[in-house]
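The lines below spell out each chain.
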Amino acid sequence: MIDRIFIEQGDITQQNLHALVNAANKTLLGGGGVDGSIHRAAGPELLKECKTLNGCNTGEAKITKGYQLPVKYVIHTVGPVWHGGNGKEAELLTDCYINCLTLAINHGIESIAFPAISTGVYGYPLDKACFIAINETLNFFNRNDPIEKVVFVCFDDLNFKTYQSTLAKFK
Ligand code: AR6
């Protein structure tokens, strides 16, 4: 199953897969970081559809079309804000991955790209978030018919190295 996980460096909006995940906020009405990039690249139709969704709770996920992005779908999830680790952050971040992958399977999505949810503005420590991302994806593969390809898209060098070294520990 681990051979279905790929680590790439770059901009998630360039990924030519079936779906990509957006690290959004509870309003689902756009923001900075990867959320801003996704909305810019998708065009105004994405915001229009997001306005019909009535927001999203932390740990949950909602799906839209991809509009001008190369992907067919965008799965929007809201990661937890890091408050030191005692506020159920790990459970909520785990829920993000499980809920995104479940939505993907329910929509017949076979390839999906994830950003490092919560590790930017929301302050989640990168090494801890990265472990949850890979561990939960592998756990999900063990419980479900696996998706063909999961790509973790890393925006910077530290992100890329952390994902590579974490994945290596599972091999
Ligand atoms: N492609 C891939 N990864 C990216 C890109 C990109 N184009 N741009 C940034 N990253 P963040 P969060 C990485 O802050 O912590 C927004 O304003 C970035 O380096 O985008 O979940 C929302 O509206 C980092 O590793 O998301 C929310 O208010 C990772 O994506 C809030 O930020 C996540 O950083 C969500 O905060």
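Values in this document were obtained by computation on a predicted structure and should not be read as measured data.

Caption draft 1: Structural view of the packing of aromatic side chains. Throughout the structure, instances matching the rule amount to 5 aromatic pairs. Geometrically, the ring pair formed by Tyr97 and Phe114 is tilted, given 5.0 Å between the ring centres and 35 degrees between the ring planes. Here Tyr97 is found in helix H3 (residues 89-106), whereas its partner Phe114 is found in strand E5 (residues 111-114), with 17 residues between them in sequence. An aromatic cluster is defined as three or more aromatic residues linked by ring pairs; in this entry it consists of Tyr97, Phe114, Phe152 and Tyr163. A cation sits over an aromatic face here: Lys149 above Phe6, 5.1 Å from the ring centre.

Caption draft 2: Structural context of the site of the ligand. Near the ligand lie 21 residues; those nearest to it are Asn25, Gly32, Val34, Asp35 and Gly120. Here a nitrogen atom of the ligand and a backbone polar atom of Ile12 are 2.9 Å apart. A distance of 3.1 Å separates an oxygen atom of the ligand from a polar atom in the side chain of Asn159. Across the complex, the protein chains shield 91% of the 700 Å² of accessible surface that the ligand would expose by itself. Counting only elements with at least two residues in the shell around the ligand, the list comes to strand E2 (19-24) and helix H1 (33-42). The element that contributes the greatest number of residues to the shell around the ligand is H1, accounting for 4 residues. Tallied by class, the residues present in the shell around the ligand amount to 8 nonpolar, 11 polar and 2 charged.

Caption draft 3: Up close: the side chain of Glu49. Relative to the helices and strands, Glu49 resides in helix H2 (residues 44-50). With sequence-adjacent residues up to four places away left out, Glu49 is seen in contact with Ile63, Thr64, Lys65 and Tyr67.

Conventions used here
- Residues numbered from 1 in each chain as written.
- Predicted model: local features only at pLDDT ≥ 70, side-chain atom pairs only at ≥ 80, totals over all residues.
- Heavy atoms only, no water.
- Phe/Tyr/Trp six-rings, centres within 6.5 Å; stacked < 30°, edge-to-face > 60°.
- Helix = DSSP H or I, 4+ residues; strand = E, 2+ residues; numbered from the N terminus.
- Lys NZ or Arg CZ within 6 Å of the ring centre and 35° of its normal.
- Near = heavy atom within 4 Å.
- Polar contact = N/O pair within 3.5 Å; in protein donor to acceptor, adjacent residues only side chain to side chain.
- Areas by Shrake-Rupley, 256 points an atom, 1.4 Å probe, with all protein chains shown as cover.
- Nonpolar A, V, L, I, M, F, W, Y, C, P; charged D, E, K, R; others polar.
- Contact = heavy atoms within 4.5 Å.

Don't take any of this as a statement about function, it's just geometry.
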